[in-house]
Every structure is written in structure tokens, then in C-alpha cells.
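Residue-level listing of the chains:
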Amino acid sequence: MPAKQDIINTIAQIKRDHPGNLMAKYFDPDYYNSLDDTPRARLEKIIATGVQNPTSEMGAYAMHPDDYDLFAAQLAPMIREFHRIPKGTPIAQINDWDTSATSCDLGAIDPALRDVSMRVRVARNASTFPLPGAMDKAQRIAFEQVAITAFSELIQTPDFGGKYLSITPGTPHSIDNNEYDARVASHQMFKDMSADKYLNVAGISGDWPHGRGMYISAAEDFIVWVGEEDHLRIMSMQTGGNLNTLFERLHTGLTILGKLLPPFAMSDTYGAIASCPTNLGAGMRASLHVKLPNLCANDPKLTRITAEAKKLGLAIRGAGGEHSGAGKGGLLDISPSARLGVTQMQIMQRLYDGVAALWKLENA
Ligand code: ADP
Ligand code: MG
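Residues numbered from 1 in each chain as written. Chains lettered and ligands numbered in written order. Predicted model: local features only at pLDDT ≥ 70, side-chain atom pairs only at ≥ 80, totals over all residues. Heavy atoms only, no water.

A.B. asks: How should the packing of helix H1 (residues 4-17) against helix H4 (residues 37-52) be read in this particular structure?
C.D. replies: It is at 12 Å that the axes of H1 and H4 come closest, and there the two elements cross at 35 degrees. Every pair of crossing elements has a handedness; the one defined by H1 and H4 is left-handed. Residues Lys4, Ile7, Thr10, Ile11 and Ile14 of H1 pack against Arg40, Glu44, Ile47, Gly50 and Val51 of H4. Within the contact of H1 with H4, the residues separate by chemical class into five nonpolar, two polar and three charged. (Axes fitted to C-alpha atoms, helices over the stretch in contact; angles between N-to-C directions. Helix = DSSP H or I, 4+ residues; strand = E, 2+ residues; numbered from the N terminus. Left-handed = near helix turned anticlockwise from the far one by under 90°. Contact = heavy atoms within 4.5 Å. Nonpolar A, V, L, I, M, F, W, Y, C, P; charged D, E, K, R; others polar.)

Structure below.
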């Protein structure tokens, strides 16, 4: 690790060159210098990804659930800015999964939206293990075994069934490279994390592919990733129809898994604890894969659509996930940005209202 003053100088330079790097924006040299060796080393590990990747949007990953309280001086202002929680307003997570009062049927916006791919996932981490950036190989493998035990019960539940597919080499559940590639191509499985520079620096992709895998339900509409950016990414996926059904399936599966797994790391302030501060709170990202060819025409960097989406509280990703470009025919991933201080219901409504507004612009 470079000397303290080198780190301070490097971050000052990033702050000038990359005003969007929230770690650099809120880094306070006085606070950093005030820390004893042990907590300072911990903070350095948390912010390493933003120091070594100046283009980071957030620039920090938590390594342990209590990092959010211990290093609030660095992390809380970043969290407020990303989730748009004004200074002075308390940070709090309120949950509301009751979707019964509203119907979010995409076909009601336009029948052309009936074949849109819908996905909603939540991040969850077990309180009994360090977060992925601080896990060693034995812990990654041990956590996968804990998850497999829970899945073996979920598989007995009639609405779920399904199977577990591991990419840990040489286990009874292991799949071959061809099946892994096919599952990635179908968006069911996560990509090779060892190719991700943001995750590498944070140690999150360490020991790849040990301790990694996915549960998939018999109908292939409920999936749980093990060992990606969080211990668990629990998701519901389906093509077309009603967001209500998508959200209800996630809630049911999450509730069942919550009883089968060790307690999740939760905070009174931040809700569900996640590796990345962007995923705190509901820990939820609800996304649609929609073709918006007009809004992204002649704009490979997606500048226009990103600006339009931002006004609606939405983020744009490429069809291959974060840091990818628009897919064939202008296929994009749109999702509400805020995940903390918003209820699950509000996220669903924001996505629905947002896609309706973008669709109107696209066809104007
Ligand atoms: P997250 O961080 O929410 O898991 P990523 O951007 O890392 O999302 O993408 C993970 C995978 O999920 C990628 O393969 C991406 O294409 C896929 N994905 C995201 N949204 C959808 C959707 N609505 N339909 C199908 N696949 C999706
Ligand atoms: Mg991701």
C-alpha cells in the first residue's frame, strides 16, 4: 500500500479529473489521517476500487456489514448522494411489498411491450460470513454449502422445484463450460467475475470460480446467484406480462429462503446490507429489457437516453448488464436507480411509470 500522503494526493487528483467518483468527492484527508493503523487499513481496502479505477461511479465496496457504521464519515455522504437522500433527512428503509392496490401490466402501456423481458433481484448477505470482498476460499466454499442445504429444501416446495448448478470445480452439482456459457448467454447466470476490474480490486472476484453457482426453479422464473457481488442475488425473471406477478414471486421465494438460511445482515438505518453502497436498502434492482432504437440512434455512449432516464429516476445499462453497450435493435436495460429509502412497491411503480414515459418519447 502506498504511503498515506500518496493516497491523499492520488484521491485529490481523481477528485479533479473525475467529479463523478463519489468516493473521491467525499474523501476527507483529515478524517483519514485521524484513523489508527487498523481502521485506516480497513478503509483503504474499502476504497481501493475507486482509487485504482478512477472512472468508478461509487468507488467503494464494504468488506464487513459493520463497515457502514464504522466508516460512516466516508460512506454516508456517498450513500445520500447516490440514493438522493437530502442532508438532514434521516436515512431509513421502509418495506412494502403489497402490490395489490395497483396493476403494472406492461401490455396496458402498449401491446408491443408484451414480450419485454422483466427481472427483479435483491441483494442479500449472511450475517455469519464476511462480505465477498473479505472472504477467503474456504469461506466461499463453506457458504456455497450452506446455500445448497437451503436450496435442497426449496426444491421440495411445489411452486419452486428446480436444481442447483455449481461452477465450483469437481462437485456433485458442477456444470461444464458449455452449460455455463449457455446460462450466461440466456442472462440466467452471472458473467466471469475475474474479468471485472472493479470487482478484482475489491477482492470480490477472488478464488474464482470457487464457491459460485446458481439455483434455478423448475419453471426457470426464480433464480438465486451464489457468490457474485453479494453472497446471494435472489431474483424473479419472466418474459412479458405483469410486474405484480414478477414482484410477488420474488417476495414469496425470498420469504421462504429467509427461513432456510442464516440471518441476513440487516441494518436499522440501511436495510439490507450489500457489498456496494448502491445496493443498500431494499437491495433491489428491477429492470426491463426494452428496445428503444430511436432514443439511442447515433449515440453509442447513450448520452441522450441516459439523461432522459435520469430525469425519471432511472438508470440505463446495456443489454449485457452493467458496463455493456446497447444490444441489437437498441435493446437496453432500464431500472430505477434508488434502492434505499424507497419501498419495493415504489420501485415497481417507478419502473412502470418510467417505461411508459420513455416509450412515449421513443414513439413521439
Ligand atoms: P445486477 O447487478 O442487477 O445483477 P447486471 O447489470 O450485473 O445486473 O446484469 C446481470 C445479468 O442480468 C446480465 O446478464 C443482464 O443482461 C441480465 N438482465 C438484467 N435485466 C434483465 C432483464 N430485464 N431481462 C433479462 N436479463 C436481464
Ligand atoms: Mg451486477
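Now that the structure has been shown, we can carry on.
A.B. asks: How do you make sense of the pairing of strand S4 (residues 222-226) when you look at a structure like this?
C.D. replies: In summary, the side chains of a regular strand alternate between the two faces of the sheet. Here S4 lies mainly inside the structure; five of its five residues are buried. Judged by which residues are buried, S4 turns out to be covered on both faces: Phe222, Val224 and Val226 on one side and Ile223 and Trp225 on the other are all buried. Of the strand pairs in this sheet, strand S3 (residues 213-216) and S4 are connected by four bridges, and their pairing is antiparallel. Considered in S4, the bridge of Ile216 is made with Ile223. If you look at the hairpin formed by S3 and S4, you'll find five residues sitting between the two strands, and Glu220 has a positive phi there, around 60 degrees. Strand direction decides the pairing type here: S4 and strand S5 (residues 232-239), joined by five bridges, are antiparallel. For Val226, the partnering residue across the bridge sits in S5 and is Leu232. (Buried < 20%, exposed > 50% of the residue type's maximum accessible area, 1.4 Å probe, protein only. Pairing = 2+ DSSP bridges.)

A.B. asks: Looking at this structure, I do not really get the site of ligand 1. What am I missing?
C.D. replies: In the vicinity of ligand 1 lie 18 residues, with Ser117, Arg121, Arg285, Ser287 and Arg317 positioned nearest. A distance of 2.7 Å separates an oxygen atom of ligand 1 from a polar atom in the side chain of Arg285. Here Ser287 contributes a side-chain N or O atom positioned 2.7 Å from a nitrogen atom of ligand 1. Residues that form the shell around ligand 1 fall into these classes: five nonpolar, six polar and seven charged. (Near = heavy atom within 4 Å. Polar contact = N/O pair within 3.5 Å; in protein donor to acceptor, adjacent residues only side chain to side chain.)

A.B. asks: Please explain the environment of Arg339 as it appears in this structure.
C.D. replies: Positionally, Arg339 belongs in the loop between strand S10 (331-336) and helix H13 (344-362). Owing to a relative accessible area of 4%, Arg339 belongs among the buried residues under this scheme. A sequence separation of 56 residues divides Arg339 from Gly283, and the C-alpha atoms of the two residues are 5.8 Å apart. Within the structure, the side chain of Arg339 is placed 2.8 Å from the side chain of Asn279, a separation counted as a polar contact.

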